[in-house]
Amino acid sequence: MANYPVVVYGASGYTGMLIMDWLIDQNIGFTAVGRSAARIKEMMAQRVVRLESAKYEIIEAEHDVDSLVNAFKGAKVVCNTVGPFIKFGLVAVEAALKAGCHHLDTTGEQEYIRNVRDQFGEQYRQAGLLVSPSLSYMYTFVEIAAELALETHGIDTLETVTLARGPRGVGAGVTVGSTASIFEMYRSEACYLWENELVPHAPDASFNFTSPDFMEPVFGLPWGGTSLPIYFEKDSRVRACVSGVGFYDNPVMKTVHALGQKWEAEYKDLPAEQQDEVIKQIVDSTTPAMPPRERTTIQRSVDFAIGRGQLAAVRATVRGVTPYISTGALQVAGVMKLLDNDINCVGFASGSKAFGHRYLLGFLEQRGLATATVETL
């Protein structure tokens, strides 16, 4: 049973430790939960900043509902980083609900997010709790941009783009956990929103994004569709939303695209057990070590939303640094609102809708992690 208000589940992982960094920075006590207490303790000693001043405990728990309910009970918020979420996420969502906790996570896996909405959204609402997937750099920065664009009257169509920069080299900066999530997404439809309905992307869909921030177009992918079409599906302001992700100064997206084409050609129709083995082999071939701590001189990002109406057109851009560190900051920005009982809604909702996109942007701006501009087109 947790003795502190926040649980970090998946505490030995990279993102979990960055969430802990920000909890310590805000003097918020937390319970670190995972399958191996020894592993959590080892990794925290190596990677968590200011651990000597932290208020925390470690609980070991198996990944099943009953074990996690026992570990989460007593807390108010669960920050979940255990993926791939399509395989593991719903167990933690159910456990958090039964333990009486709000649930935040970091993923943009569309099938998982739809399942959370359809299976647990109403139950969380009735319990007076929030369940908010994808509170993380890759989805929240661009959602903030989309919400800024929607502040212009008449905007009803969105095109959103997430562009990040990291270390050069194929796969650089992609963790083992995120690699597994990428390949799990091949088994699910990646959808965009068109005329208020979710429409599957073509299996080999790709983009060439153009931005005044760069000299050349940036190659990108639907990246599973991202969470935005799901969040805007039932938003009366929005009729269409197409989202994509690219990495500039890094060829990883072309590699992922080639693997996606190989999946469609060779693996798509295999039995699930054989697909599991294919994914395991690919994940095992990645470097298991955690990436180094990010640097503002290397890890930078440009996220923008182009909004259009019948006559209106606007571009909102959020420029940022250190995406993983920013993910930890966003999670704790949400935690602070939840601990203060200061949220806009309960049930299933995005971070921007639950906490306010202006609040999240301000939190990032005050800490030197992001800045935003809006221009009329």
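Just so it is clear, the model here is predicted, and its values are computed rather than measured.

### Quick word on the overall build of the protein chain
Argument step 1. For the protein chain, the count of helices and strands is 13 helices and 16 strands.
Argument step 2. For 377 residues, the compact-globule estimate of 2.2 N^0.38 gives 21 Å, and the C-alpha radius of gyration of the protein chain, at 20 Å, lies within 12% of that figure.
Argument step 3. Judged by the C-alpha coordinates and their principal axes, the protein chain covers about 55 × 45 × 40 Å.
Argument step 4. A buried classification covers 56% of the 377 residues belonging to the protein chain.
Argument step 5. Each charge sign in the protein chain was given a centre, from 33 positive and 43 negative side chains, and these centres are 5 Å apart.

### Comments concerning the packing of helix α1 (residues 14–25) against helix α11 (residues 323–339)
Argument step 1. Running from amino to carboxyl end, α1 crosses α11 at an angle of 55 degrees, the nearest separation of the two axes being 8 Å. The pairing of α1 with α11 is recorded here as oblique in orientation. Our pair here, α1 against α11, has a crossing hand that is right-handed. For the pair formed by α1 and α11, the contact residues are Tyr14, Thr15, Leu18, Ile19, Trp22 and Leu23 on the first element and Tyr324, Ile325, Thr327, Gly328, Ala329, Gln331, Val332 and Val335 on the second.
Argument step 2. Here the residues of the contact of α1 with α11 are counted per class, giving 10 nonpolar, 4 polar and no charged.

### Structural notes on the nonpolar core
Argument step 1. Residues Met20, Leu23, Phe30, Leu104, Leu158, Trp223 and Phe232 are the most contacted members of the largest nonpolar core, which totals 74 residues.
Argument step 2. Once you skip the residues sitting within four places of it in the chain, tryptophan 223 turns out to touch Met138, Tyr139, Ile182, Met185, Val245, Phe247, Met253 and Val256.
Argument step 3. Judged by nonpolar contacts, the second largest core, of 32 residues, contains Ala61, Ala92, Phe120 and Tyr231.

### Quick notes on helix α5 (residues 110–127)
Since the α-helix advances by 3.6 residues per turn, residues separated by three or four positions end up pointing in the same direction.
Argument step 1. Given a rise of 1.5 Å per residue, 18 residues ought to cover 26 Å, and the 24 Å separating the end C-alpha atoms of α5 matches this to within 8%.
Argument step 2. Of all the bends in α5, the largest measures some 55 degrees and sits at phenylalanine 120.
Argument step 3. Residues Gln110, Tyr112, Ile113, Arg114, Val116, Arg117, Phe120, Gly121 and Tyr124 constitute the buried set of α5.
Argument step 4. Phi for glycine 128, located one or two positions after α5, is positive at around 75 degrees.

### Remarks on the pattern of salt bridges
Argument step 1. What the rule picks out here adds up to 21 salt bridges.
Argument step 2. Between glutamate 122 and arginine 125 there is a salt bridge, with the nearest N and O atoms lying 2.6 Å from each other. Of the two residues, glutamate 122 and arginine 125 are both situated in helix α5; the distance of 3 residues between them amounts to about one turn of the helix.
Argument step 3. Lysine 353 is paired through a salt bridge with aspartate 235; the nearest N and O atoms lie 3.2 Å apart. Taken together, the positions of lysine 353 in helix α12 (residues 351–355) and aspartate 235 in the loop between α8 (228–232) and β12 (240–247) put the pair 118 residues apart, joining distant regions of the chain.
Argument step 4. Assessed through its relative accessible area of 27%, lysine 353 is described here as partly exposed.

### Some words on the packing of α1 against helix α2 (residues 37–47)
Argument step 1. At their nearest, the axes of α1 and α2 sit 11 Å apart, and the two run at 60 degrees to each other. Between α1 and α2, the interaxial angle falls into the category oblique. Taken as a pair, α1 and α2 cross one another with a handedness that is right-handed. Contacts between α1 and α2 involve Tyr14, Met17, Met20 and Asp21 from the former and Met43, Met44 and Arg47 from the latter.

Conventions and cut-offs
- Residues numbered from 1 in each chain as written.
- Predicted model: local features only at pLDDT ≥ 70, side-chain atom pairs only at ≥ 80, totals over all residues.
- Heavy atoms only, no water.
- Helix = DSSP H or I, 4+ residues; strand = E, 2+ residues; numbered from the N terminus.
- Rg over C-alpha atoms; globule rule 2.2 N^0.38 Å.
- Buried < 20%, exposed > 50% of the residue type's maximum accessible area, 1.4 Å probe, protein only.
- Lys, Arg positive; Asp, Glu negative; His and termini not counted.
- Charge placed at Lys NZ, Arg CZ, Asp CG, Glu CD.
- Axes fitted to C-alpha atoms, helices over the stretch in contact; angles between N-to-C directions.
- Parallel < 35°, antiparallel > 145°, perpendicular 65-115°, else oblique.
- Left-handed = near helix turned anticlockwise from the far one by under 90°.
- Contact = heavy atoms within 4.5 Å.
- Nonpolar A, V, L, I, M, F, W, Y, C, P; charged D, E, K, R; others polar.
- Core = buried A, V, L, I, M, F, W, Y, C linked by side-chain atoms within 4.5 Å.
- Expected span 1.5 Å × (residues − 1).
- Bend = angle between axes of the 7 residues up to and from the residue.
- Salt bridge = Lys/Arg side-chain N within 4 Å of Asp/Glu carboxyl O.

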